[in-house]
Amino acid sequence: MSKNNAEAHWMKTRSLMFLTLAIWFFFSIVIFMFGSSLNNASFLGYPLAYYMCAQGSLGAFVILIFWSSGKQNQIDEEHGYGEDD
Amino acid sequence: MFKGNFIDNLPKIYGTYTGGFLVFCLLMALLEANGVSAKTIGILFLVFTIAIYALIGILSRTMQADAYYVAGRQVPTVFNGMATAADWMSGASFVAMAGGIFYGGYTYMAFLVGWTGGYVLVSSLLAPYLRKFGCYTVPDFIGTRYGGNLVRACAVLVLVLASFTYVTAQINATGTIASRFLGIPFELGVWVGLISILLCSMLGGMRAVTWTQVAQYIVLIIAYLLPIFWLSNKFGFGFFPQFMLGDEVARLGELEAQYGLVKNSAADIKSAGVPGGLKSISVSHAGVAEGGMAAWKFISLAICMMVGTASLPHILMRYFTTPSVKSARRSVAWSLFFIFLLYFSAPALATLAKISILDPNLATGIIGKSITDVQAIGWVKEWIAVKQAYIADFNGDGILQLNEWFMRGDVIVLATPEMGGLPYVISGLVAAGGMAAAMSTADGLILAISNALSHDVYYKMVDPKADVAKRLIVARILLVVTGAFGAYIASMRLTGILGSVAWAFDFAMSGLFFPLVLGVWWKRATRQGAAAGMLLGLAAGTAYLVYVAPAFMGNTPWLGIDHLRFGLIGAPVCLVSMVVVSLMTPEPDAKTQAMVDDVRIPSGKTIL
């Protein structure tokens, strides 16, 4: 039981890691591949690519880490590995 | 005044401290209004803040190993976030970043993406697992996971190389600020900076550094944000500048088109006698260059900075200090939030600084005005006198053109309050903020180096029987020696602030990223594989750096991978050699595999 439980927990942890890194990859790399065309669009009056590297991607990273750490806590608790602090 | 234990009272303690600091700022403003000289106010700001940090450092003294190495593992999530943010934001972030954006525009902003995105890697790949491991230092993890002194020594080597490259830049920055605001020579300023740094860390190790870093974060964030909000409101650009400067960014585009972005030839610059290191604006603020190569340059720099972030030991070791694995993870999110507050303001600061001198409709504008008038402005005179600014009338028309105004990028943040016509008290505040940023990072780095030397080299390799008192004395001696050596190198002025900072990330990325990540995520990784990865990765990266860096051989970069990006050579070599060698050697024993399984489960006792 405990070995299977540990394995299931790790599988879920791993999927969450891959999902998190996929989102990270989009905001840190993919959008900047298209910087010059994105800049034709605008957001809050800023050119879009400029906006994304000035604060858009940065904000996305903050939200992403809060979200994924919350998600990981859920996974830990489901498998009885939760901690109280 | 405070009942109960220290940890429960932290919000009250730091609340009082923040209030006290704001009262101090008001007092300084009052002194300025009553005719106290600018110089005195600058000195008071530096002396007062450094005295507070030193006091915290002395109050946090300890003779316990747990407190000295990991602050007793009881730093609450949010406070650890603040401490990490101060640890992270160096002299380069505070002093040089807005200046970099000022001159480099969009292209430079790859650093912003890189220095924040790395935290996603820290939180999902490393921090919670290293916390569960319960190590004192990063090489401690490598040494235990892979087993043996060879891998431990390799990890110490990479750590020392990366952190030392970084720390000289920080001591350099403290020296620059101390010399400018205390009015002493740079070489002396460096040693004054070092003594201030050591006062914070020597007696209490990680515990002292943690509580001074929280205090330093509060000073630096106030110092960074206050002038931005003030300037934006003063010029009527919007009360929340980070979100409201869209029109000004567009206006900068118009002004660039109107003035023309001219790149001066090296010969012109030389014959006009422009001091070294000073630049004129020649790159568009928000424009993005067309083409794949430009996009690749942006992305490759961002990758190096992100992966480097996730391998820098002085950051990773901050997550050893939280009470649980869960709080380590959460603490990464808070760290990035506190870093974000400064980073998303840097472009706003650069925009404000740029528009306040470029726009002829503003009273502060200097471009397009007569050179004689501009030279009579107070701050222009002062910065020209110290060779940080320069005017070269290339076309001889007596009018200041955009390409005729030169300034050092590193002084933009320090000079912006004056450029925008704010009272001097703000400049004093900004100096205190820059000092806090450089000191907090230097403290974290010096501690990372000396802890690795005292714990991993001295205790684990040289004298495993040493008692706690002896270990902690050795740790402190190494701390002082490391700092003194860093100050000595800095006093020789070998590097500009930013070149060497980027190198630290590349060194760390070349040697440590994959051994750390695979140590948790790949059970099959073996001792021989890790050793090969660290040594070959580091060797390949360093060899490429020597091959390409202008200061060394200066060859043409391959695929645009220049000396700021040499980690892109080192890290893949590290990965490939680590995987190949691991697969060629027998898999790790059952005990090691069980240990990796245990690291992956957040609850329960630490492994060490």
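Quick look at the structure, then. (Residues numbered from 1 in each chain as written. Chains lettered and ligands numbered in written order. Predicted model: local features only at pLDDT ≥ 70, side-chain atom pairs only at ≥ 80, totals over all residues. Heavy atoms only, no water.)

1. Focus on a nonpolar patch on the surface
On the surface, Phe-43 and Leu-44 of chain A together with Phe-239, Phe-240, Phe-243 and Met-244 of chain B cluster together into a nonpolar patch covering about 550 Å² of accessible area. Its location among the elements puts Phe-43 of chain A in strand β1 (residues 42-43). (Patch = residues over 30% accessible without salt bridge, like charges linked within 9 Å, V, L, I, M, F, W, Y side chains within 5 Å. Areas by Shrake-Rupley, 256 points an atom, 1.4 Å probe, with all protein chains shown as cover. Salt bridge = Lys/Arg side-chain N within 4 Å of Asp/Glu carboxyl O. Helix = DSSP H or I, 4+ residues; strand = E, 2+ residues; numbered from the N terminus.)

2. Overview of the packing of helix α8 (residues 149-182) of chain B against helix α21 (residues 424-462) of chain B
Residues and elements named next belong to chain B. Running from N to C, α8 and α21 point in directions that differ by 155°, and their axes come no closer than 8 Å. Classified by the angle their axes make, α8 and α21 are roughly antiparallel. Read as a crossing pair, α8 and α21 show a hand that is left-handed. Looking at the contact of α8 with α21 residue by residue, the classes come out as 25 nonpolar, seven polar and three charged. (Axes fitted to C-alpha atoms, helices over the stretch in contact; angles between N-to-C directions. Parallel < 35°, antiparallel > 145°, perpendicular 65-115°, else oblique. Left-handed = near helix turned anticlockwise from the far one by under 90°. Nonpolar A, V, L, I, M, F, W, Y, C, P; charged D, E, K, R; others polar.)

3. Focus on the interface of chain A and chain B
Contacts between the two partners involve 44 residues from chain A and, on the opposite side, 53 residues from chain B. In total, chain A and chain B occlude about 4,200 Å² of area from one another, counting both sides; carbon and sulfur atoms represent 71% of this. If you sort the residues of chain A by the area they bury against chain B, Trp-10, Tyr-50 and Glu-83 of chain A come out on top, with a joint share of 17%. Viewed at the interface, chain B and chain A are joined by one salt bridge. A salt bridge links Asp-76 of chain A to Arg-329 of chain B, with the shortest nitrogen-to-oxygen separation between them at 3.4 Å. (Contact = heavy atoms within 4.5 Å. Buried area = accessible area lost by both parts, 1.4 Å probe.)

4. Looking at the environment of Glu-382 of chain B
Residue and element names in this part refer to chain B. Locating Glu-382 in the fold gives a position in helix α19 (residues 378-385). Glu-382 sits in the partly exposed class, given a relative accessible area of 41%. Excluding its chain neighbours within four sequence positions, the residues that come into contact with Glu-382 are Arg-180 and Glu-418. (Buried < 20%, exposed > 50% of the residue type's maximum accessible area, 1.4 Å probe, protein only.)

5. Topic: the side chain of Thr-174 of chain B
Residue and element names in this part refer to chain B. You can see Thr-174 is positioned in helix α8. According to the relative accessible area criterion, Thr-174 is buried, its value standing at 0%. What Thr-174 contacts, discounting residues up to four positions off in sequence, is Gly-189, Gly-193, Ile-197, Met-435, Ala-438 and Met-439.

6. A closer look at the side chain of Ser-331 of chain B
In this fold, Ser-331 of chain B is placed in helix α16 (residues 325-343). A polar atom in the side chain of Ser-331 of chain B sits 3.0 Å from the side chain of Asn-80 of chain B. (Polar contact = N/O pair within 3.5 Å; in protein donor to acceptor, adjacent residues only side chain to side chain.)

7. Things to note about helix α1 (residues 10-33) of chain B
All names here are of chain B. The end-to-end C-alpha separation of α1 is 35 Å, in line with the 34 Å expected for 24 residues at 1.5 Å each. Of the positions making up α1, those classed as buried are Leu-10, Tyr-14, Tyr-17, Phe-21, Phe-24, Cys-25 and Met-28. For α1, the elements touching its buried residues are α2 (38-59), α4 (77-88), α10 (205-234) and α21. (Expected span 1.5 Å × (residues − 1).)

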